[in-house]
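Chain and residue survey
Here is what each chain is made of, one letter per residue.
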Amino acid sequence: MAPPAYPLLPSSSLPHLSTLETLTEKQILSALQGLSALYCPLPVSVALKANPGSNTISDGTATPLLDSGYTSGTEDDTDRVEQKLTTLRADGFERSFVERWVTGFIAKATELPGLSSEDALDTALEHASLVLESFVARTLEEEEKEKDNSDFSRDFSFVLSPSNTEQTELPITIRLNDGLAGTNSKDSDDVGLQSWGASILVSGLMCETPERFCLTQATLGTSPRVIELGAGTGLVSLVLGAILPRLGVTQPQIIATDYHPLVLENLRTNIDENFHSSDHVSVQATLLDWSSPIFEPPLERPAEMLIATDVIYAPEHAVWLRDCATQLLGPDGIFWLVATVRQNGRFEGISNTVEAAFTSEDRPRGKDGRQLTILQGEKLEKQSRIGRGDESGYKMFRIGWA
C-alpha cells in the first residue's frame, strides 16, 4: 500500500476566513474534520462520524489535510507519521493560527450559505468546539506535565584528564532536565528528552582521553565550530563546552541541533542551566531536520568537528545524516558517529546501516569532489548500569574526507 501522506500545515491549507461564504457544506466540514483529526485524535469522534470518507480541504480537490497512517502496511510508516503529527500538534504558531481561525469561523458560522441546514451548522460548530476544547485540555495537561518533570534533574559527573601531565585532573559536572528518561522509546519527544547510554559513555571517554577525539588546540585551533547532530538533552555538547577551554581551545562555538520542538525547548533550558552569557564559550541550540535541511545561521559555515551519538533508528537516518554531514563538515574536519548495537527488538540491525550509507558509491561529494568515508571503526563495550536493556554495545566511527 502507498505510504501515508504527511500532514499539511493548517496555516497554509485552511481556507481564508474571507472565502468561507463561497464554500460548500462539504468543503467547510472537510476543513473542520481535518482539524478535529489533528487536534482531537479520539477513538470515536463526532468529527469522524460527521464525514468519515473525506479528508480534503477548501477548494474541494483531493489535497489531504492529514492522514493518520493507520492504513499503512508498515509500523515504520505509522511511526513516522505520528512523529510528524506530534511535532505539528506542539507547534505554537500553528495552534495560535488555528485558534484564531476557529474563533473567526464560529463568529461567521450562522451566516454562511454552505451551512444553511440546521444539521450541518450543528455539526460544524461541534467540530469547532472540539478543537478549542482540546487546546484548553492540552494546555492544562502540558502545565501538569511540566510540573511533574521539573524535579527530574540529573547531575552527570566526569573527570577530565588532560594529556599534559603537568595539569591536574578536573571534575566536570553537567546538570540536565532528564525527566522523561526511559518512559517511552517509541515517542519521538521522549527519545530526545532523555540521555541515552551512548551519550553518557562518549562524554566519559572524551574526558578520560580527549586526545583520542582530537580535542586539542593543535587539531582544532582556539575557536573551532563543533556541531552535534541529534543532540537530545545536549549532554555531549555541554561536556564539550565545559572541557574544551580547559584543553586550550579557548573560544569554541558549539551548536547543538535537533528537530522536535519540545526537545529543542528542553535543550535550550539545559544550556541555560550550565552556561551563562558571561562565559567565553558559545553553546547554542538550533533546529535541523536531516530529511530537508536548511543551512541558515548558525549552520551556514562548515564545522571543524561533527558528533552524533545514538541517533540512528531507521535505515534512512544514516543516509540523511551522511548527506547533512557532507554539507556541514569542513575540508579538514572529523565526524564522530556512535551507533548503538541492538541485537533484538524493532531496532535490530539498524546500526549496520551506517557502514552501508558511508560505503555507497553514489553518496554525495563535497565541494572538492571528495566523499565522506569511514576512516576507522571500533567497538565500545556497554558499561554496567548505563543504557537500556536492549543495548548490547556501541560502534564508534571516525569519518572524514577521502
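Above this text sits the structure in question.
A few points on the structure. What you see is a predicted model, and the numbers here were worked out from it, not measured in a lab. (Residues numbered from 1 in each chain as written. Predicted model: local features only at pLDDT ≥ 70, side-chain atom pairs only at ≥ 80, totals over all residues. Heavy atoms only, no water.)

**With respect to the overall build of the chain**
Of the regular secondary structure elements, the chain holds 13 helices and 9 strands. Across the 402 residues of the chain, 50% fall into the buried class. Taking the intrachain contacts of the chain between residues at least 6 apart in sequence as the baseline, contacts between residues at least 24 apart amount to 74%. If you sum the accessible surface of the chain, you get close to 19,200 Å²; carbon and sulfur atoms cover 50% of it. (Helix = DSSP H or I, 4+ residues; strand = E, 2+ residues; numbered from the N terminus. Buried < 20%, exposed > 50% of the residue type's maximum accessible area, 1.4 Å probe, protein only. Contact = heavy atoms within 4.5 Å. Areas by Shrake-Rupley, 256 points an atom, 1.4 Å probe, with all protein chains shown as cover.)

**Some thoughts on unusual backbone geometry**
The residue after proline 297, namely proline 298, is reached through a cis peptide bond having omega 10 degrees. As for its placement among the helices and strands, proline 298 is situated in the loop between β5 (282–287) and β6 (303–309). Positive phi values are uncommon outside glycine, yet cysteine 214 reaches one of about 60 degrees. Here cysteine 214 shows up in the loop between α8 (197–208) and α9 (217–220). In this model, aspartate 310 sits at a positive phi of 50 degrees, which is unusual for a non-glycine residue. Tracing the backbone shows aspartate 310 in the loop between β6 and α12 (315–328).

**Details of the packing of aromatic side chains**
Tallying each qualifying case throughout the model produces 6 aromatic pairs. Note on tyrosine 39 and phenylalanine 135: the rings are 4.9 Å apart at their centroids and 85 degrees apart in plane angle, and the pair reads as edge-to-face. Here tyrosine 39, found in helix α2 (residues 25–39), pairs with phenylalanine 135, found in helix α6 (residues 118–149); they are 96 residues apart in sequence, far enough to count as distant. With respect to burial, tyrosine 39 and phenylalanine 135 carry one shared label: buried. Aromatic rings pair up to connect Trp196, Tyr313 and Phe347 into one cluster. (Phe/Tyr/Trp six-rings, centres within 6.5 Å; stacked < 30°, edge-to-face > 60°.)

**A short note on the environment of aspartate 272**
Its location among the elements puts aspartate 272 in helix α11 (residues 261–274). For aspartate 272, a relative accessible area of 55% puts it in the exposed group. C-alpha of aspartate 272 to C-alpha of valine 283: the two residues are 11 residues apart in sequence and 9.2 Å apart in space.

**Remarks on the packing of α8 against helix α10 (residues 235–243)**
How two helices pack is summed up by the angle between their axes together with the distance between the axes. The N-to-C vectors of α8 and α10 enclose an angle of 15 degrees; their axes lie 9 Å apart at closest approach. The pairing of α8 with α10 is recorded here as roughly parallel in orientation. With respect to the hand of their crossing, α8 and α10 are arranged in right-handed fashion. On α10, the residues that touch Ser199, Ile200, Ser203, Met206 and Cys207 of α8 are Leu235, Val236, Val239, Leu240 and Ile243. Of the residues in the contact of α8 with α10, the class split is 8 nonpolar, 2 polar and no charged. (Axes fitted to C-alpha atoms, helices over the stretch in contact; angles between N-to-C directions. Parallel < 35°, antiparallel > 145°, perpendicular 65-115°, else oblique. Left-handed = near helix turned anticlockwise from the far one by under 90°. Nonpolar A, V, L, I, M, F, W, Y, C, P; charged D, E, K, R; others polar.)

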